[in-house]
Amino acid sequence: MKTPLYVAGVTSKSSAELIGRARRSGYSVFGETLASSIGRSMSSVGKAERVYYITSPPIRMSAETPRQLMKSLAYDDLQVTGSDNCTFNKKQKELGLSDFTKIPNGVNGVEDRMSVVWEKGVHQGVLDPCRFVAVTSTNAAKIFNIYPQKGRIAVGSDADIVIWNPQGTRTISKDSHYHACDYNIFEGMTVHGVPEYVLVRGRVCAENGAVRVAEGHGRFIPMAVRPPYVYDIVKEKVHVSEEHPEENQNGNLAKKFAELDILIPEEKTMSALIAENLPIMTGHSPCSTPSVRGHVDGRKDMQESSFSISEELDKTGVRSCIKVKNPPGGKSSGFW
């Protein structure tokens, strides 16, 4: 039996549940949700302001949707978070005030994605730190076939590292963000979890909120086709035992999902699932937002750095742990 492959962008609870049911029925399907979808709803946005929030997929009206999507990330119904960042100024958005079709499509997200996911996920007790790493980094690297070069801290991998302060806070504002636009859809949101350092291939590119980008440091990363994380399932390298399929599906899977308090629905064909109103998602936006702050040399004497990297093992495999020496308060903190 061949397993079809599906990829979908998700902004609603029903879509996430559909993907989860398809995965548990043996389909190779992966779901992504966006910072804009899990960071806010339209319920608190006045009608006059909604033109500034037009994007695809749309931000949902229900105030419960962001938490439901975060639960779907925790349950592995969804696997990845993105931003689909495409920003415009208010004046540009207002071109469509009298004609919806003329509203430029897109909102901000890339700068605030990590903090929004931590705030709505880990800080509120829905995700654990290891799952946070998976949905913001590792899973995407596996899907795009650049793991373990990216998405992991290990010998031989690129030294792309974020030193994360889970107790740090900041208030998101158009007055302090790096986006080249004059508003922010998360305006006024106070988030826990901030990056103290960001290293790209060992070079410090962000430090305590200041961008230290060295022009020309970026590098093209080739992505080979047919990532094993995706296609091993399609090629039946990962499959239910043909001798005792009911034992594997109703035994191990049932135990796993029972622990997560998830009901295993009756098996259905993909055509039947699609017939139950699978949303048609729009294509990924090719737009990105340029920095308006300019370039700063990111060179730094790493021998003077105040952090070290070690690895710990747990029952699921390798868990990378970054320990900061002598942080404020004198206690060492671990960040995953």
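The name given to the protein chain in an unreviewed UniProt entry is dihydropyrimidinase, and the organism recorded there is Drosophila mojavensis. What UniProt records for the protein chain under Sequence similarities (unreviewed entry) is the sentence "Belongs to the metallo-dependent hydrolases superfamily. Hydantoinase/dihydropyrimidinase family." For the protein chain, the Cofactor (unreviewed entry) comment in UniProt is given as "Zn(2+)".

1. Quick look at the pairing of strand 5 (residues 190-200)
Relative to strand 5, strand 4 (residues 161-171) is paired through eight bridges, and the arrangement is antiparallel. Each residue of the ladder has a partner; that of Thr169, found in strand 5, is His192. Pairing of strand 5 with strand 6 (residues 203-207) involves four bridges; the strand directions are antiparallel. Looking at the pairing, Tyr197 lines up with Glu207 of strand 6.

2. So, the environment of Ser44
Relative to the assigned elements, Ser44 resides in the loop between helix 2 (35-39) and helix 3 (65-74). Using a relative accessible area of 60% as the deciding quantity, one classes Ser44 as exposed. Taking the C-alpha atoms as reference, Ser44 lies 9.6 Å from Ser62; in sequence the two are 18 residues apart. Within the local environment of Ser44, its side chain forms a polar contact with the side chain of Arg40, the two groups lying 3.1 Å apart.

3. Quick notes on the side chain of Thr55
Assignment of secondary structure puts Thr55 in the loop between helix 2 and helix 3. Given the relative accessible area of 8%, Thr55 is considered buried. Apart from the residues within four sequence positions on either side, Thr55 is in contact with Asn105, Gly106 and Val107.

4. Examining the pattern of salt bridges
Tallied over the full model, the rule gives 10 salt bridges. Two residues, Asp77 and Arg24, come together in a salt bridge whose shortest N-O distance is 2.9 Å. Of this pair, Asp77 sits in the loop between helix 3 and strand 3 (80-82) while Arg24 sits in helix 1 (residues 13-24); the two residues are 53 residues apart in sequence, bridging distant segments of the chain. Note on accessibility: Asp77 and Arg24 belong to one class, buried. Residue Lys150 pairs with Asp158 through a salt bridge whose shortest N-O separation is 2.8 Å. Here Lys150 and Asp158 have matching classes, each one buried. A single salt-bridge network, built from bridges that share partners, covers Lys150, Asp158, Asp160 and Arg219.

5. What to know about helix 1
Each α-helix turn comprises 3.6 residues. Residues three or four places apart therefore point the same way. End to end, helix 1 covers 17 Å across 12 residues, agreeing with the expected 16 Å (1.5 Å per residue, within 8%). The complete set of buried residues in helix 1 reads Ser15, Ala16, Leu18, Ile19, Gly20, Arg21, Ala22 and Arg24. Where helix 1 ends, the next residue or the one after it, Gly26, has phi of about 100°, a positive value.

6. Points about the nonpolar core
Counting 34 residues, the largest nonpolar core has Tyr53, Leu127, Ile185 and Phe186 as the members making the most contacts within it. Of all the secondary-structure elements, those providing two or more residues to this core are helix 1, helix 2, helix 3, helix 5 (113-123) and helix 6 (129-143). At four residues, helix 5 tops the list of elements feeding residues into this core. What Tyr53 contacts, discounting residues up to four positions off in sequence, is Arg40, Met42, Val45, Ile59, Val107 and Ile185. Listed in part, the five residues of the second largest apolar core include Ile161, Ile163, Tyr197 and Val204.

7. Considering the packing of aromatic side chains
On inspection of all chains with the given rule, the structure shows five aromatic pairs. With centroids separated by 5.6 Å and ring planes inclined at 35°, the aromatic side chains of Phe30 and Tyr229 adopt a geometry described as tilted. With Phe30 in strand 2 (residues 28-34) and Tyr229 in helix 7 (residues 228-234), this pair connects stretches of sequence that are 199 residues apart. Taking the relative accessible area as the measure of exposure, Phe30 reaches 5% and is therefore buried. Relative to Tyr183, the ring of Tyr52 lies with its centre 5.6 Å away and its plane at 50°, an arrangement referred to as tilted. With Tyr52 in the loop between helix 2 and helix 3 and Tyr183 in the loop between strand 4 and strand 5, the pair connects residues that are 131 residues apart, well separated along the chain. Three or more aromatic residues link up through ring pairs in this structure, and these residues are Trp118, Phe132 and Trp164. Note that Lys90 overlies the ring of Tyr52, its terminal NZ or CZ placed 5.1 Å from the centroid. Taking the ring centre of Tyr231 as reference, the NZ or CZ of Arg226 above it sits at 4.5 Å.

Criteria and cut-off values
Residues numbered from 1 in each chain as written. Predicted model: local features only at pLDDT ≥ 70, side-chain atom pairs only at ≥ 80, totals over all residues. Heavy atoms only, no water. UniProt positions renumbered as here; feature names shortened; annotations may be inferred. Pairing = 2+ DSSP bridges. Helix = DSSP H or I, 4+ residues; strand = E, 2+ residues; numbered from the N terminus. Buried < 20%, exposed > 50% of the residue type's maximum accessible area, 1.4 Å probe, protein only. Polar contact = N/O pair within 3.5 Å; in protein donor to acceptor, adjacent residues only side chain to side chain. Contact = heavy atoms within 4.5 Å. Salt bridge = Lys/Arg side-chain N within 4 Å of Asp/Glu carboxyl O. Expected span 1.5 Å × (residues − 1). Core = buried A, V, L, I, M, F, W, Y, C linked by side-chain atoms within 4.5 Å. Phe/Tyr/Trp six-rings, centres within 6.5 Å; stacked < 30°, edge-to-face > 60°. Lys NZ or Arg CZ within 6 Å of the ring centre and 35° of its normal.

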